[in-house]
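# Tertiary structure, described
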Amino acid sequence: MIEFANLLGKLSFNQLPQDPVTAGGAATVVGGVLAVAVALTYFRRWKWLWKEWLTSLDPKRIGVMYIVVAVVMLVRAGVDALMMRAQQATSVGSSHGFLSSNHFQQIFSAHGTIMIFFVAMGLMFGLINLVMPMQIGSRDVAFPFLNSIAFWLFFSGVVLVNLSLVIGSFSAAGWLAYPPLSELRYSPGVGVDYWIWSLEVAGIGSLLSGINFLTTIITMRCKGMSLMKMPMFVWSVMGAMTLVVFAFPILTVTLTLLYLDRTFGMHFFTAGGGGNMMMYVNLIWAWGHPEVYILILPAFGVFSEVVATLSRKRLFGYTSMVWAIWAIVLLSFTVWLHHFFTMGAGADVNGFFGITTMIIAVPTGVKIFNWLFTMYRGRILLATPMWWFIGFIVLFTIGGVAGVLLAIPPVDFQLHNSLFLVAHFHTMIVSGVLFGYFAAVTYWYPKFTGFRLNERLGGYAFWCWLIGFILAFVPLYILGLMGATRRLDHYSASTGWWPLFIVAGIGAGIIAIGLATQILQVIVSIVQRKANQDNTGDPWNGRTLEWSTPSPAPFYNFAITPEVDSRDPFWAMKQARKKNEKHEPLVYQAINLPKNSAIGIYIGIFSFLIGFGAVWHILWLCIVGLIGAVSSLLVRSYTKDTERHISATELKELDHKARTNPKEGYA
Amino acid sequence: MSKNKKIKSGVIVACIIIFVSVAVWYLIHTNIPVLEPKGTIGLKERNLLLFALALSAVVVIPVFFMLFSFVWRYRESKPKGKYSPEFDHSRPIEALWWLIPSILIAILSVVTWNSSHTLDPYQPIASKTPQMTIQVVAMDWKWLFIYPKQQIASVNYVFMPINTPVDFEITSDSVMNSFWIPQLGGQIYAMPGMFSQLHLMATSQGNFSGSSANISGRGFAGMTFVAHAASEQSFLNWVKNVVKTPDHLTLSAYARLNRPSENNPVAYYSKPANNLFVGIISRYMSLNSTASGNNSHSYNSAPTTEMMQ
């Protein structure tokens, strides 16, 4: 606490990396940022970046920025994963690998934190921004400026997490930082504070996004789109955002209490002094379990879109699907205790939570059967998004069985915190969330760039991911049954685990090749963009409104706001066109769209200062950040000139141009 | 299929077969503790696991069958089945897959409820042999086992007579850990200021490895111990030997042991201090102490019965 008065808080030169491995990490971060800056200067793209992207309030632009950041973070956390596997493959018996135990622990803590908060969440918010407004026939989200703030808070969180590589260190207490290990007494460095503040800042961004998207879905649907006519992706986003709104405040408060413990000597979760560490574990999972469904519901929505479109059929069991989503939403708040049956709560409590957990398998199973029956009697186009779907069903079913096993408390006693558990949740999150978002990116890519992704490389990437995944995680299931716990930086040779860790390491390597192939796929597709150009705006023979616009989608989305009277409105429109039904003449009307604003960025920067100041106990920096953020908000609140006007004739011209002369895309 | 393609797929299939056979051979010759339990609780937990796995197959097999056959039959490049683009719901079919998983889950729920009670780690194991108490303290980064009746203690080594139910009483004098001997049965958390219980019984002789399943800091990976199970007679002999150990686990010896250490070797003590275990717990329970390494005060305050539950 005393350091708060110091000008530099706890900051000093000693906090720079001291050993070669951490220095390498720091050099990569600094070098990467410098390389981007140099490239932008060399190609004279700063102004373009600022005007077209950073200050944009267009949800499509914000969506792309989310996805770009998430992909960079995927690479970073992927490297973390490779380092962990390399350590575990080499640290057996008398050999101790190349990482110290503390460094190893920082790496897995960072891997989990980044993958969940900055990869999965980033991809999710990115996709929602891109797709959801278009699917409901809207030009924008309900609160475009709030959307920008949310993105920049997310980005500040990203910066804080990665800054820990350069100055100080990251938490070594696992991705959920259970006390008392994460308390000051056992984790005296700044690592846990970095963890707390990057999640505080990003978490508030998530909450704002949740409110924004929920409001958008409720209030901004186009004419005729009743709730039961919404695309399934929109339903799943609605479910997920409801969860965000209820769950994220719990996270924010829990982290605050932990920070109070660490910084002001309070005793919410300490061992002794009246603290109760199990209260933290309860609270963090009261957020944490819904969080799993926050990530996976939109991915379920993606699969619903992909399967219906690529099977050339209506989605099977629409009403069941909607009920299944809301059953999952409700149930996801009733199962948190299954993450710690081993706390010893007693048979009644464990039995209750075991049963509620299993019940979730019912709506999830219903969804799987409905997808399968969507394919039944369809015409299935085996394009990359469909492959991701098939991979998802295979892995998700296996992971689901593992989940049912873990839901039985006495079985959980034998599997909890073992690598079996690690394999289970990776199966669910990689196949469910990541494969879902990969399918989504491939599927919607032409809509936002004007050209399709290379199919052949997409296929290679899929097979690398699938085979790599099986090799990387089937050994972990077996290792769990062999008694291998998670987070071990070293083990004895007599355990017999070594060969399996080697196989797992090879699997991780193949996944890395898959990820590299995907990056190559994007580059190759940009180079060959003329060959892959999408002139129709409807490359998949789509069913929902976004496909009715030209590709890339114009900044106003729809020149004329659509009116719908059925579930797959664009499909219906196309059927009607075939029947040569008469078109009504196009009537253009003037529209208003939000102007660019840089205030979101400023708020992001000020929030970063608050976080950084709080991590290093620099009081004046926190105050500057707080005053800056609040006054930025005030300035924006009193700005009247926030919208740009597009007249009907202008719009008509733009629309005509977009439809007859599709651009090559952003690239 | 062209000749080239045939060779290619032949090679792939051969590689998969070789890989799988090597894997199976390896797994057959490896000890998989959770699946090859040597204790009553572990055995029941294993059987429960296999039962749930079999029950899941009722759903998994149809899902896989439907997935692959539908993809094959209705693929656009070579479709075989009918095309019904408007076929989008069917009450009876949907009712079926709300119903079948519900029935399975209902069966599993009954099993879950019952097994949660019969295999409750706090539940003593029914046996003709009277149960034995071993107190377990998770420390940075080692395990201390106190035998209150035998008046001995050991570090990273626990000896238990076979076919004797053992009541492990567990706490931590540091952060949270999890006490796990996979071959004997499931784990439970070791928490500072709290008391948890785990009943296990070894049914055959052997050395079983145990560890902490919950991350606890720098030396966590080295928090392994051996659980040795042998006959009652050899247990008594062992106790006789350990009792003779000159190192008494006095409060000051305990304070020395309590200093953080990694990969701690096995150690033995005799005459553990009175109420040592209860004292360790209550140290974290007082409101005005944060148990910040202050070991000087005596361990006399016994916890209330409420706390012991």
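## Describing the overall build of chain B
Across its full length, chain B carries seven helices and eleven strands. The C-alpha atoms of chain B give a radius of gyration of 27 Å, which is well past the 19 Å a tight globule of 309 residues would have. Overall size of chain B, expressed as C-alpha extent along the three principal axes, is 85 × 45 × 40 Å. Partitioning the intrachain contacts of chain B with sequence separation of at least 6 by distance along the chain shows that 68% fall at a separation of at least 24. Carbon and sulfur atoms make up 64% of the accessible area of chain B, which amounts to about 14,900 Å² in all.

## A short note on the packing of aromatic side chains
Considering all chains together, one arrives at 81 aromatic pairs over all chains under this definition. Relative to Trp463 of chain A, the ring of Trp387 of chain A lies with its centre 5.6 Å away and its plane at 55 degrees, an arrangement referred to as tilted. Taken together, the residues span a long stretch of sequence, with Trp387 of chain A in helix H12 (residues 384-407) and Trp463 of chain A in helix H15 (residues 455-481) at a distance of 76 residues. Taking relative accessible area as the criterion, Trp387 of chain A reaches 25% and is therefore assigned partly exposed. Between Phe179 of chain B and Phe225 of chain B the ring centres are 5.4 Å apart and the planes differ by 0 degrees, which places this aromatic pair in the stacked class. Here Phe179 of chain B, found in strand S6 (residues 177-181), pairs with Phe225 of chain B, found in strand S10 (residues 225-230); they are 46 residues apart in sequence, far enough to count as distant. Phe179 of chain B gets classed as buried once you look at its relative accessible area, which sits at 0%. The exposure class assigned to Phe225 of chain B is buried, which follows from its relative accessible area of 2%. If you follow Arg644 of chain A out to its NZ or CZ, it ends over the ring of Phe555 of chain A, 4.7 Å from the centre.

## Details of the pattern of salt bridges
A complete count under the given rule lists 13 salt bridges over all chains for this structure. Arg76 of chain A is the partner of Asp80 of chain A in a salt bridge, and the nearest nitrogen-oxygen pair spans 3.3 Å. Of the two residues, Asp80 of chain A and Arg76 of chain A both sit in helix H3 (residues 59-90), four residues apart, roughly one turn of that helix. Owing to a relative accessible area of 5%, Asp80 of chain A belongs among the buried residues under this scheme. Residue Arg312 of chain A is joined to Glu76 of chain B by a salt bridge in which the shortest nitrogen-to-oxygen separation is 3.0 Å. Of this pair, Arg312 of chain A sits in the loop between helix H8 (277-310) and helix H9 (318-331) while Glu76 of chain B sits in the loop between helix H2 (40-73) and helix H3 (91-118), on two different chains. Under the relative-accessibility criterion, Glu76 of chain B is labelled partly exposed at 31%.

## Comments concerning the pairing of strand S1 (residues 132-139) of chain B
All names here are of chain B. When you tally the buried positions in S1, you get seven out of eight residues, the bulk of the element. In this structure, S1 lies alongside strand S5 (residues 166-172), joined through seven bridges in parallel fashion. Bridging across to S5, Val137 finds its partner in Thr171. Between the antiparallel neighbours S1 and strand S2 (residues 142-147) lie two residues.

## A closer look at the interface of chain B and chain A
Interface extent is often summarised as the accessible area lost during association of the parts. Listed as interface residues are 89 residues of chain B and, on the opposing side, 96 residues of chain A. Its largest share of buried area at the contact with chain A, chain B owes to Trp97, Trp98 and Ile215 of chain B, together 9% of the area lost on that side. One can count three salt bridges joining chain B with chain A. Among the salt bridges present, the one from Glu86 of chain B reaches Arg314 of chain A, with a minimum N-O distance of 3.9 Å. On inspection of chain B and its partner chain A, the count reaches 27 residue pairs in polar contact (both at pLDDT 80 or more).

## Looking at the sheet that holds S6 of chain B
Residues and elements named next belong to chain B. In space, the five strands of this open sheet follow the order S4-S10-S9-S6-S7, with mixed pairing throughout. For this open sheet the edge positions go to strand S4 (157-161) and strand S7 (185-190), each flanked by a neighbour on one side alone. Neighbour-to-neighbour, the strand axes of the sheet open up by a mean angle of 20 degrees, direction not taken into account. Of the pairings in the sheet, the one linking strand S9 (residues 206-212) to S10 comprises five bridges and is antiparallel in character. Each bridged residue has a counterpart across the sheet, and for Phe208 the counterpart in S10 is Ala227.

## Points about the packing of helix H10 (residues 347-359) of chain A against helix H11 (residues 361-375) of chain A
Residue and element names in this part refer to chain A. The geometry of H10 relative to H11 is characterised by a closest axis approach of 4 Å and an angle of 10 degrees between their N-to-C directions. In this view, H10 runs roughly parallel relative to H11, as classed from their interaxial angle. Together, Thr357, Met358 and Ile359 of H10 and Ala361, Val362 and Pro363 of H11 make up the contact between the two elements.

## Here's the deal with the environment of Trp180 of chain B
Mapped onto the fold, Trp180 of chain B is located in strand S6. Using a relative accessible area of 0% as the deciding quantity, one classes Trp180 of chain B as buried. The sequence separation of Trp180 of chain B and Phe225 of chain B amounts to 45 residues, and the corresponding C-alpha distance is 9.8 Å. Separated by 2.8 Å, the side chains of Trp180 of chain B and Gln414 of chain A make a polar contact.

## As for unusual backbone geometry
For the bond running from Ser551 of chain A to Pro552 of chain A, omega is -10 degrees, close enough to zero to count as cis. With respect to the helices, strands and loops of the structure, Pro552 of chain A is situated in the loop between helix H16 (498-527) and helix H17 (569-578). With an omega dihedral of -15 degrees, the bond running from Asp140 of chain B to Trp141 of chain B counts as a cis peptide bond. One non-glycine residue with positive phi stands out, namely Asn156 of chain B, at about 55 degrees. With respect to the element layout, Asn156 of chain B can be found in the loop between strand S3 (152-155) and S4. Here Asn156 of chain B falls in the buried class, since its relative accessible area comes to 4%. Unlike most non-glycine residues, Asn275 of chain B shows phi in positive territory, near 55 degrees.

## Concerning the packing of H3 of chain A against H16 of chain A
Residue and element names in this part refer to chain A. Viewed as axis vectors pointing N to C, H3 and H16 meet at an angle of 160 degrees, and their least axial separation amounts to 9 Å. Overall, the two elements H3 and H16 adopt an arrangement that is roughly antiparallel. In this structure, the crossing between H3 and H16 has a hand that is left-handed. Contacts between H3 and H16 involve Leu74, Val75, Leu82, Arg85, Gln88 and Ala89 from the first element and Trp498, Phe501, Ile502, Ala504, Gly505, Ala508, Gly509, Ala512, Leu515 and Ile519 from the second. Per-class residue counts for the contact of H3 with H16 are twelve nonpolar, three polar and one charged.

## Thoughts on the domain arrangement of chain B
Along its sequence, chain B is organised into domain 1 (45-118) and domain 2 (132-286 + 301-308). Inter-centroid distance (C-alpha atoms) of domain 1 of chain B to domain 2 of chain B is 45 Å.

## Re the sheet that holds strand S8 (residues 196-200) of chain B
Residues and elements named next belong to chain B. Here six strands make up an open sheet; going across it, the order is S8-S5-S1-S2-S3-S11 and the pairing mixed. Each of the sheet's edge strands pairs with one partner strand only, and the pair in question is S8 and strand S11 (267-270). If you compare each strand with its neighbour and ignore which way they point, the axes differ by 20 degrees on average. As judged from the four bridges shared by S3 and S11, these two strands associate in the antiparallel manner.

## Description of the state of the cysteines
Taken as a whole and assessed by the stated rule, the structure comprises zero disulfides over all chains. Cys15 of chain B provides the cysteine sulfur closest to Cys464 of chain A, a residue in no disulfide bond, and the two sulfurs are 15 Å apart. Cys464 of chain A sits in the buried class, given a relative accessible area of 17%.

## Brief notes about the pairing of S2 of chain B
Residues and elements named next belong to chain B. With six of its six residues buried, S2 lies for the most part within the structure. Burial of the side chains of S2 extends over both faces: Lys142, Leu144 and Ile146 are buried on one face and Trp143, Phe145 and Tyr147 on the other. Alignment of S1 against S2, held across five bridges, turns out to be antiparallel. Residue Val136 lies in a different strand from S2, and its bridge partner there is Phe145. Pairing of S2 with S3 involves four bridges; the strand directions are antiparallel.

## Let's talk about the confidence of the model for chain B
Residues and elements named next belong to chain B. Across chain B, pLDDT averages 90, with 92% of residues at or above 70. When mean pLDDT is compared element by element in chain B, S2 scores highest at 98, while helix H7 (residues 305-308) scores lowest at 40. Below a pLDDT of 50 lies the segment residues 290-309, which in the model reaches 33 contacts outside its immediate sequence neighbourhood of four places, other chains included. If you check the scores for this complex, the pTM reads 0.95 and the ipTM reads 0.93.

The rules behind the values
- Residues numbered from 1 in each chain as written.
- Chains lettered and ligands numbered in written order.
- Predicted model: local features only at pLDDT ≥ 70, side-chain atom pairs only at ≥ 80, totals over all residues.
- Heavy atoms only, no water.
- Helix = DSSP H or I, 4+ residues; strand = E, 2+ residues; numbered from the N terminus.
- Rg over C-alpha atoms; globule rule 2.2 N^0.38 Å.
- Contact = heavy atoms within 4.5 Å.
- Areas by Shrake-Rupley, 256 points an atom, 1.4 Å probe, with all protein chains shown as cover.
- Phe/Tyr/Trp six-rings, centres within 6.5 Å; stacked < 30°, edge-to-face > 60°.
- Buried < 20%, exposed > 50% of the residue type's maximum accessible area, 1.4 Å probe, protein only.
- Lys NZ or Arg CZ within 6 Å of the ring centre and 35° of its normal.
- Salt bridge = Lys/Arg side-chain N within 4 Å of Asp/Glu carboxyl O.
- Pairing = 2+ DSSP bridges.
- Buried area = accessible area lost by both parts, 1.4 Å probe.
- Polar contact = N/O pair within 3.5 Å; in protein donor to acceptor, adjacent residues only side chain to side chain.
- Axes fitted to C-alpha atoms, helices over the stretch in contact; angles between N-to-C directions.
- Parallel < 35°, antiparallel > 145°, perpendicular 65-115°, else oblique.
- Left-handed = near helix turned anticlockwise from the far one by under 90°.
- Nonpolar A, V, L, I, M, F, W, Y, C, P; charged D, E, K, R; others polar.
- Domains from an automatic or database assignment.
- Disulfide = S-S within 2.5 Å.
- pLDDT = per-residue confidence, 0-100.

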